[in-house]
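Descriptive structure summary
Chain by chain, the residues:
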Amino acid sequence: MIIGVGIDVAEIDRFDEALRRTPGMADRLFTADELMLPSGERRGIASLAARFAAKEAVAKALGAPGGLSWTDAEVQTEPSGRPVLTVRGTVAACAARLGVRSWHLSLSHDAGVASAVVIAEG
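Quick caveat, the model's predicted, so the values are computed rather than measured.

**Here's the deal with the side chain of Asp72**
Here Asp72 lies in the loop between α4 (45-61) and β2 (73-77). Although Asp72 is buried, it forms no salt bridge, and the closest oppositely charged side chain is Arg88 at an N-O distance of 5.1 Å. Setting aside chain neighbours within four positions, we find Asp72 in contact with Thr86, Val87, Arg88, Gly89, Thr90 and Val91.

This is the structure:
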């Protein structure tokens with residue numbers, strides 16, 4: 001059973017400007033693992049914008065409750081390159097209250113826009 005669906009888009013250049021303008025913003029939005037590629041290089045801005053869109057989409061799939069911590073929804077990457085969502089803390093608690101047992105995630109970025117779709121399944 002589908003509990004909720006969330007979708008979000010982020011203009012990549014605008015997101016980049018926000019990160020540059022606001023010191024520490026990236027550390028408040030992302031876990032250390034999200035900021036880095038498996039190779040140890042810093043993740044590119046388009047990829048970060050897609051991950052930000054995923055966090056927004058998670059909140060929407062949960063009904064946009066207040067009090068969620070950005071870093072409690074983490075986008076990880078499987079060795080195959082497939083993105084997967086890991087939740088903990090505030091996000092996991094909200095998901096448990098709603099009966100969410102699994103997550104589906106799709107990320108994309110093209111033509112200056114990053115997007116994410118999240119499905120919360122019970």
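**Side note on the pairing of strand β4 (residues 102-110)**
Here is the key point about a regular strand: its side chains alternate between the two faces of the sheet. Judged from the nine bridges that link them, β4 and strand β5 (residues 113-121) form a sheet pairing that is antiparallel. Residue pairing in the sheet places Trp103 in a bridge with Ala120 of β5.

**Quick notes on the packing of aromatic side chains**
For any pair of aromatic rings, geometry is given as the distance between the ring centres together with the angle between the planes. Enumeration over the complete set of coordinates arrives at three aromatic pairs. Ring geometry for Phe52 and Trp70: centres 5.3 Å apart, planes at 35°, overall tilted. Of this pair, Phe52 sits in helix α4 while Trp70 is found in the loop between α4 and β2, placing the two residues 18 residues apart along the sequence. You can call Trp70 partly exposed: its relative accessible area is 34%. Aromatic ring contacts, followed pair by pair, group Phe15, Phe30, Phe52 and Trp70 into a single cluster.

Each value, and the rule that gives it
Residues numbered from 1 in each chain as written. Predicted model: local features only at pLDDT ≥ 70, side-chain atom pairs only at ≥ 80, totals over all residues. Heavy atoms only, no water. Helix = DSSP H or I, 4+ residues; strand = E, 2+ residues; numbered from the N terminus. Buried < 20%, exposed > 50% of the residue type's maximum accessible area, 1.4 Å probe, protein only. Lys, Arg positive; Asp, Glu negative; His and termini not counted. Salt bridge = Lys/Arg side-chain N within 4 Å of Asp/Glu carboxyl O. Contact = heavy atoms within 4.5 Å. Pairing = 2+ DSSP bridges. Phe/Tyr/Trp six-rings, centres within 6.5 Å; stacked < 30°, edge-to-face > 60°.

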